[in-house]
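# Chains, contacts and geometry: an overview
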Amino acid sequence: MKKSRLEKMKAKQIAQKRQLIIVMTLLLLALVACFVLKAFTAKPDATQTKQAQGEKNIHTSQKVDKPATTKQTEKVKRATITASGDMLYHDILYRSAYDGKGYDLKNDYAQISPLLKKTDLSLGDFEGTINPQRELTGYPIFNAPQAVADSIKAAGFDVVDLAHNHILDTGLEGLHSTVAAFQNIGMETIGVKTDTTKDILVKEVNGIKIALLAYSYGFNGIEASLTTAEYNNHLKDLNMEKVAKDLKKAEKIADITIVMPQDGVEYALEPNEEQQTKYRQMIDLGADIIFGGHPHVAEPTETIQKDGEKKFIIYSMGNLISDQRYESLQNYWTERGVVMEVTIKKEKAKTVIENVVAHPTWVDKEPIVGRTYQHPEYGTVQSQDYQVFLAENYLPGGKYAKTVPETKRQRIETAYHEMNELLKIDWE
């Protein structure tokens, strides 16, 4: 009996020990689980975070400011664009620059070049042709040497508008050779079509896609020598149905659209009703900026509100360079032009015009001492030095105010103030 009770007690003790072992084991497992859970949920240190970001950078090939689990903030992108008036090369401009070996045109745009080169995209408007198979001529048939394109490139222009009434001056052959003259030196053209141009040129600048379009009101009647196929395959006119189709395409492939139309009445300081109707219609159809040309004098600007955003029109930017000075035409406005500087901003998916600034220009003309040239029609002609001045540099205290006679400085200052009064920019 005693033995039985003793055995029962021993069995009970063994069972209690087993229970204690099980409880201790469970407590130990729970403790281990806590440590493991803490290790997996702990915030990584700075080194680990940087390593994770580095791995993300490798996949995106762009900088990642925050881990992938955090919603990224898109940066604001900006681009500055300049556009200017007609580059109308009367033959005296380049014949005067011939020194017996070549055409020295380096100083034509020297004073506006810093402005052009500091901007992200500079648009020019070349009116004429460059056809080495034809003789060099000025008005009424414009055909300039390759050196002219070289000087435009050196000045800082990126894209040249060729949609104008003189593009057929040396035939369809001249249209092709003019495009080639600029493309061969690394520039792009708009406003005409060849096998080497794009239907709609889109320039991506600082992450902003800018569509560039250009059209002309006509081609001085020379288009009558073309077949219908040649006309449609090479020229861009102001047929608003065609313009509407282009603007619709541009809106799908770009963030902002610029149009450079050639239209209006020559030497008129105000746009006519047709200009206003067409240019405003372009805004309605999707254009954001209109840089107008052709009248050879400047015309006012207009700010249009559309869908809560401001759009910009300048009806004409006047002449950038030409021989149409007051002494030639008794018109002060033909020696004046303007470089428009427009800043655009893209934030997330929205691109808007942020600012508009006008830089009035003035064409200087001075005899080159001791140099003449032989003109095929006029005989011996005094060579002249042409330069485009940035008028703001000739205001009192300006960078070049003391480099010219006071009478000339005052003439430039008058041009500056009268240009700003004419443009009536309202962008505040």
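For clarity, every value in this text was computed on a predicted model and none was experimentally measured.

A few words now on the packing of helix α8 (residues 240-253) against helix α9 (residues 273-285). At a minimum axis distance of 9 Å, the contact between α8 and α9 shows a crossing angle of 35°. As α8 runs across α9, the sense of the crossing is right-handed. Where α8 approaches α9, its residues M240, V243, A244, L247 and E251 are matched on the opposing element by K278, Q281, M282 and L285. Partitioning the contact of α8 with α9 into residue classes produces six nonpolar, one polar and two charged.

What follows concerns the layout of surface pockets. Volume-wise, the largest pocket comes out at about 520 Å³. H90, D91, G138, Y139 and P140 are, among the 27 residues lining the largest pocket, the residues nearest its centre. Counting only elements with at least two residues in the lining of the largest pocket, the list comes to α3 (91-95), α10 (326-329) and β13 (350-375). When residues in the lining of the largest pocket are grouped by element, the largest group, three residues, is from α3. In terms of residue class, the lining of the largest pocket is made up of 13 nonpolar, eight polar and six charged.

Turning to the environment of I412, a few remarks are in order. Looking at the secondary structure, you find I412 in helix α11 (residues 406-423). Between the C-alpha atom of I412 and that of E392, which follows or precedes it by 20 residues, the distance is 8.7 Å. Residues within four places of I412 in sequence aside, it is in contact with W362, F389, A391 and Y394.

On the basis of which strands lie adjacent, the open sheet formed by six strands has the order β5-β6-β7-β8-β10-β9 and mixed pairing. The sheet terminates laterally at β5 (201-205) and β9 (298-306), the two strands that pair on one side only. Adjacent strand axes in the sheet meet at a mean angle of 20°, parallel and antiparallel pairs treated alike. Bridge analysis of β9 against strand β10 (residues 309-317) gives eight bridges, and the strand direction is antiparallel. By the bridge assignment for β10, E302 is matched with I313. Most of the contacts of α8 go to strand β6 (residues 208-216), to which it runs at about 170°, and overall it touches β5, β6 and β7 (256-262). Against the sheet, α11 makes contact with β9 and β10, and its axis sits at roughly 40° relative to β9, the strand it touches most.

The subject of this paragraph is the pattern of salt bridges. If you walk through the whole model with that rule in mind, you get 21 salt bridges. We note a salt bridge from D199 to K236, for which the minimum N-O separation is 3.6 Å. Taken as a pair, D199 in the loop between β4 (188-190) and β5 and K236 in the loop between α7 (228-234) and α8 lie far apart in primary sequence, 37 residues in all. For K236, a relative accessible area of 9% gives the class buried. Within the structure, one salt-bridge network assembled from shared partners comprises D199, K236, D246 and K249.

Attention shifts here to helix α5 (residues 146-155). Quick reminder: α-helices carry 3.6 residues per turn. Residues three or four places apart thus point the same way. Taken together, the buried positions of α5 are A147, V148, A149, S151, I152 and A155. In this fold, the buried residues of α5 make contact with β1 (77-88), α3, α4 (113-118), β2 (121-127), β3 (159-161) and α6 (171-183). Where α5 ends, the next residue or the one after it, G156, has phi of about 120°, a positive value.

Helix length check: α6, at 13 residues, gives a terminal C-alpha distance of 19 Å against a target of 18 Å (1.5 Å per residue), a fit within 8%. For α6, the set of buried residues is L172, G174, L175, S177, T178, V179, A181 and F182. Against the buried residues of α6 lie β2, α5, β3, β4 and α7.

Our next topic: the environment of D158. Mapped onto the elements of the fold, D158 is located in the loop between α5 and β3. Judged by its relative accessible area of 29%, D158 is partly exposed. For the pair D158 and L116, spaced 42 residues apart in sequence, the C-alpha to C-alpha distance is 9.2 Å. Apart from residues lying up to four places away in sequence, D158 is in contact with D120, L121, S122, M187 and E188. Here S122 takes part through its backbone nitrogen, which lies 2.8 Å from a polar atom of the side chain of D158.

Take the pairing of β9 next. With respect to burial, β9 is a largely interior element, seven of its nine residues being buried. Hairpin connection between β9 and β10: a loop of two residues separates the two successive antiparallel strands, and D307 in this loop has a positive phi of roughly 55°.

The nonpolar side chains of a soluble globular protein tend to be buried with one another. One finds Y89, Y109, F126, I152 and F182 to be the most contacted residues of the largest nonpolar core, which totals 44 residues. Of all the secondary-structure elements, those providing two or more residues to this core are α3, α4, α5, α6, β11 (319-321), β13 and β14 (379-390). When near neighbours in sequence (up to four residues on either side) are disregarded, F126 contacts M87, Y89, V148, I152, V160, D161, L162, H164, T178 and F182. If you look at the next biggest cluster of nonpolar residues, it comprises 36 residues, including A163, I208, F291 and F312.

Following the sequence through the fold, T129 ends up in the loop between β2 and α5. T129 gets classed as buried once you look at its relative accessible area, which sits at 0%. A polar contact of 2.8 Å, which involves the side chain of T129, links it to the backbone oxygen of F142. Polar contacts involving the side chain of T129 include one to the side chain of N143, which spans 3.1 Å. Contacts of T129, omitting those with residues within four sequence positions, involve F142, N143, A144, H166, I167, D169, T170, G174 and T178.

A cis amide bond links Y139 to the next residue, P140, at an omega of 5°. Even without being a glycine, Y267 presents a positive backbone phi close to 70°. One can find Y267 in the loop between β7 and α9. Judged by relative accessible area, Y267 falls into the partly exposed class, the value being 36%. Phi at H296 takes a positive value of approximately 70°, unusual for a residue other than glycine. Structurally, H296 is set in the loop between β8 (289-291) and β9.

Here is what the cut-offs are and how they apply
- Residues numbered from 1 in each chain as written.
- Predicted model: local features only at pLDDT ≥ 70, side-chain atom pairs only at ≥ 80, totals over all residues.
- Heavy atoms only, no water.
- Axes fitted to C-alpha atoms, helices over the stretch in contact; angles between N-to-C directions.
- Helix = DSSP H or I, 4+ residues; strand = E, 2+ residues; numbered from the N terminus.
- Left-handed = near helix turned anticlockwise from the far one by under 90°.
- Contact = heavy atoms within 4.5 Å.
- Nonpolar A, V, L, I, M, F, W, Y, C, P; charged D, E, K, R; others polar.
- 1 Å grid on protein atoms, 1.4 Å probe; cavity = no way out; pocket = protein on both sides within 12 Å on 5 of 7 lines; lining within 4 Å.
- Points joined across faces, edges and corners; volume = space filled by probe spheres on them.
- Pairing = 2+ DSSP bridges.
- Salt bridge = Lys/Arg side-chain N within 4 Å of Asp/Glu carboxyl O.
- Buried < 20%, exposed > 50% of the residue type's maximum accessible area, 1.4 Å probe, protein only.
- Expected span 1.5 Å × (residues − 1).
- Polar contact = N/O pair within 3.5 Å; in protein donor to acceptor, adjacent residues only side chain to side chain.
- Core = buried A, V, L, I, M, F, W, Y, C linked by side-chain atoms within 4.5 Å.

Functional significance is not addressed by these values, which are geometric in nature.
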